[in-house]
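# Topology and contacts: notes
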Amino acid sequence: LAQNYTERYRPQFHFTPAKNWMNDPNGLIYHEGTYHLFYQHNPGGISWGAMSWGHATSSDLVHWEHQPVALLARGYPDNITEMFFSGTAVFDAQNTSGFGTDDKAPLVAMYTSHYPLAQTLPSGKTVDANQQSQSIAYSLDDGMTWTTYDSVNPVILNPPEEYSDQIHDFRDPAVFWHEETQRWVSVMSLPGLRKLLIYTSFNLKDWELVSEFGPVNAVGGVWECPSMFPLPLDGGEELKWVVQISLNPGGPAGNTGSGTQYVVGHFDGKTFTPDANSVTQSNWVDWGPDFYAALTFGGLPVEDRVDIAWMTNLRYGGATPTDPWRSAFTVPRRLSLKTINGRATLTQEPILGEADYSSTHWDTLPAGSTKLDFTEKALDIVLSFSESESTQFGVIVRASSDLSEQTQVGYDFEKKEVFVNRTVSGVSGFDDTFAGVFSAPLDSIESIEGKAAFRVLVDWSSVEVFGGAGEVTLASLIFPSDESSDVYIFSTGGSTNDVEVKTASIESVWVT
Ligand code: FRU
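Moving on, we get to the environment of threonine 120. With respect to the helices and strands, threonine 120 occurs in strand 7 (residues 119–120). Residue threonine 120 is classed as exposed on the basis of its relative accessible area of 55%. For the pair threonine 120 and glycine 54, spaced 66 residues apart in sequence, the C-alpha separation works out to 27 Å. Not counting chain neighbours up to four residues away, the residues in contact with threonine 120 comprise Lys125 and Thr126.

Take a look at the structure:
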């Protein structure tokens with residue numbers, strides 16, 4: 001039974017909880033034909049609080065169905081002794097953990113236990129107030145209900161001795177099976193030290209520290225939510241490894257906000273060795289202001305990596321003007337690794353449902369703004385164009401009839417940048433950096449039959465931009481008035497040639 005959410009600002013094709021607070025995606029896994037999306041969730045309110053794992057499922061990554069909370073903060077609501085912070089899930093096909101039965105292999109989740117109170121745990125281990133340790137839970141019903149491993153949890157009580165001053169700041173295990181070494185690998189972070197710790201295990205229960213990575217590249221903030229995964233280079237046989245790390249602050253949109261970076265290299269089952277040319281500059285997974293805590297799905301073939309991020313910025317994630325839910329995820333993005341200017345570069349392509357595109361062509365789009373015949377507020381817009389006299393070309397979305405409210409997405413031919421201008425996009429007073437212009441460098445954006453192109457996904461409270469062949473993206477929240485639904489294309493400083501605009505409205509994604 002389809003249910004449409006129609007509240008002001010409610011994303012139509014981006015995942016949101018039905019109500020209450022959400023932050024990081026957790027435990028993303030494709031298992032037995034179903035995509036499981038778990039997420040940091042406070043079931044009791046619209047602000048960060050009693051952190052639990054919310055849950056939703058999908059058969060196609062497009063339509064989502066809400067499920068009951070998977071891991072509810074222990075002692076919820078009045079006497080919370082353990083919160084379930086971010087982590088991941090794996091299918092333990094060979095039952096290495098022994099949690100399975102004769103006819104059922106388990107799913108195992110590894111997450112950070114955050115203990116608000118000093119206590120002795122059921123396992124007999126003692127923890128300090130606000131200690132963070134790594135624990136596991138398993139599911140024998142394909143992810144619907146979970147049992148925490150209370151007789152032993154946490155399975156990693158503390159970081160190694162030399163980091164004993166970091167016991168309150170040790171989190172976000174990302175676990176995966178490493179086929180060559182026949183071991184589980186888990187990457188977690190010491191946020192304050194900008195360091196990742198890599199552990200291995202044969203059974204998901206006993207873990208050994210095997211290496212460290214970092215700090216490198218962007219270190220202007222704490223490192224959180226690390227993950228590591230292989231991707232084929234240029235679609236061929238060679239596999240490269242990608243480490244994805246969120247940091248706050250120190251992101252791409254100026255040093256005061258959060259963001260997500262990646263490093264490409266080699267992983268031998270123990271040590272991650274970055275490519276020399278991947279540690280010479282910050283590589284942003286997304287250049288917009290609103291992309292954090294990204295995580296990819298486990299359980300898919302190596303060439304099929306799908307990333308989802310929490311679409312907000314930690315500067316104002318707790319203050320965005322939505323109700324009765326807070327926060328959305330980006331659309332799922334299929335990742336590839338392509339050699340661009342000599343460097344292995346992540347490229348991304350959005351995963352959307354079937355859409356009915358219509359297309360308009362201008363041999364010469366004159367300078368100025370040209371109104372398009374659209375009033376839908378959830379749109380996929382693909383723009384392509386050729387060499388031009390103009391200085392900027394792009395699209396204006398969510399515009400009021402007098403254009404006093406609008407969001408611009410365009411390409412600047414002189415700066416060679418894709419940009420999002422949300423200076424007059426609507427409500428922005430909750431943060432003094434929100435009303436800004438954000439850009440991503442793009443020298444050559446030839447992607448559609450040799451023509452320059454970029455793609456803009458417009459939802460009721462965001463724009464997501466994919467530049468060129470997806471080698472730069474910008475996720476950006478906006479909070480326009482309901483009435484602001486006009487769409488224009490614009491050419492600045494002269495005409496733009498050979499313009500093609502392909503548009504489709506995007507349907508709502510809710511199953512229930
Ligand atoms: C990132 C984060 C994680 C932590 C979780 C708690 O947004 O701080 O490091 O596990 O949120 O909700």
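With respect to the helices and strands, the residue threonine 360 is situated in strand 24 (residues 358–365). Taking the relative accessible area as the measure of exposure, threonine 360 reaches 39% and is therefore partly exposed. Through-space distance from the C-alpha of threonine 360 to that of leucine 383 is 10.0 Å; in sequence the pair is 23 residues apart. With near-sequence residues (within four places) excluded, threonine 360 lies in contact with Val499, Glu500 and Val501.

In the vicinity of the ligand lie 13 residues, with Asp24, Gln40, Trp48, Arg171 and Asp172 positioned nearest. In this structure, aspartate 24 approaches the ligand through a side-chain N or O atom, which is 2.8 Å from an oxygen atom. In this structure, an oxygen atom belonging to the ligand sits 2.9 Å away from a side-chain N or O atom of tryptophan 48. With the chains in place, 92% of the 310 Å² that the ligand exposes on its own is no longer accessible. Breaking the shell around the ligand down by element, the ones donating at least two residues are strand 1 (20–31), strand 5 (83–91), strand 11 (171–178) and strand 15 (222–232). Each residue belonging to the shell around the ligand can be placed in one class, and the counts come to six nonpolar, three polar and four charged.

The subject of this paragraph is the sheet that holds strand 19 (residues 292–296). Taken in spatial order, the four strands of this open sheet run 19-20-22-23, and their pairing is antiparallel. At either margin of the open sheet sits one strand with a lone partner, and together these are strand 19 and strand 23 (343–350). In this sheet, neighbouring strand axes are inclined to one another by 40° on average, regardless of whether the strands run parallel or antiparallel.

Here the focus is unusual backbone geometry. In the segment running from asparagine 153 into proline 154, the intervening peptide bond is cis, with an omega of -5°. You can see proline 154 is positioned in the loop between strand 10 (147–148) and strand 11. Phi angles above zero are rare outside glycine, and leucine 61 is one such case at about 65°. Looking at where leucine 61 falls in the secondary structure, it is placed in the loop between strand 3 (52–58) and strand 4 (65–71). When its relative accessible area of 3% is taken as the criterion, leucine 61 is described as buried. Residues other than glycine seldom take positive phi values, yet aspartate 142 does so here, at roughly 60°. Structurally, aspartate 142 is set in the loop between strand 9 (131–139) and strand 10.

Turning next to the side chain of threonine 81. Checked against the element boundaries, threonine 81 lands in the loop between strand 4 and strand 5. Beyond its immediate chain neighbours, meaning those up to four positions away, threonine 81 contacts Arg74, His114, Tyr115, Pro116, Leu117 and Gln119.

Domain boundaries assigned for the protein chain yield domain 1 (21–350) and domain 2 (358–505). A straight line from the C-alpha centre of domain 1 to that of domain 2 covers 32 Å. Taken residue by residue, the interface counts 29 residues in domain 1 and 27 residues in domain 2. By the criterion of area lost to domain 2, the three top residues of domain 1 are Trp287, Met311 and Tyr316, representing 27% of everything that side buries. Put simply, domain 1 and domain 2 have four salt bridges between them. On the surface where domain 1 and domain 2 come into contact, there are 15 residue pairs in polar contact (both at pLDDT 80 or more). Every element with two or more residues in the side of domain 1 that touches domain 2 is listed here: strand 22 (333–340) and strand 23.

Parameters at a glance
Residues numbered from 1 in each chain as written. Predicted model: local features only at pLDDT ≥ 70, side-chain atom pairs only at ≥ 80, totals over all residues. Heavy atoms only, no water. Helix = DSSP H or I, 4+ residues; strand = E, 2+ residues; numbered from the N terminus. Buried < 20%, exposed > 50% of the residue type's maximum accessible area, 1.4 Å probe, protein only. Contact = heavy atoms within 4.5 Å. Near = heavy atom within 4 Å. Polar contact = N/O pair within 3.5 Å; in protein donor to acceptor, adjacent residues only side chain to side chain. Areas by Shrake-Rupley, 256 points an atom, 1.4 Å probe, with all protein chains shown as cover. Nonpolar A, V, L, I, M, F, W, Y, C, P; charged D, E, K, R; others polar. Pairing = 2+ DSSP bridges. Axes fitted to C-alpha atoms, helices over the stretch in contact; angles between N-to-C directions. Domains from an automatic or database assignment. Buried area = accessible area lost by both parts, 1.4 Å probe. Salt bridge = Lys/Arg side-chain N within 4 Å of Asp/Glu carboxyl O.

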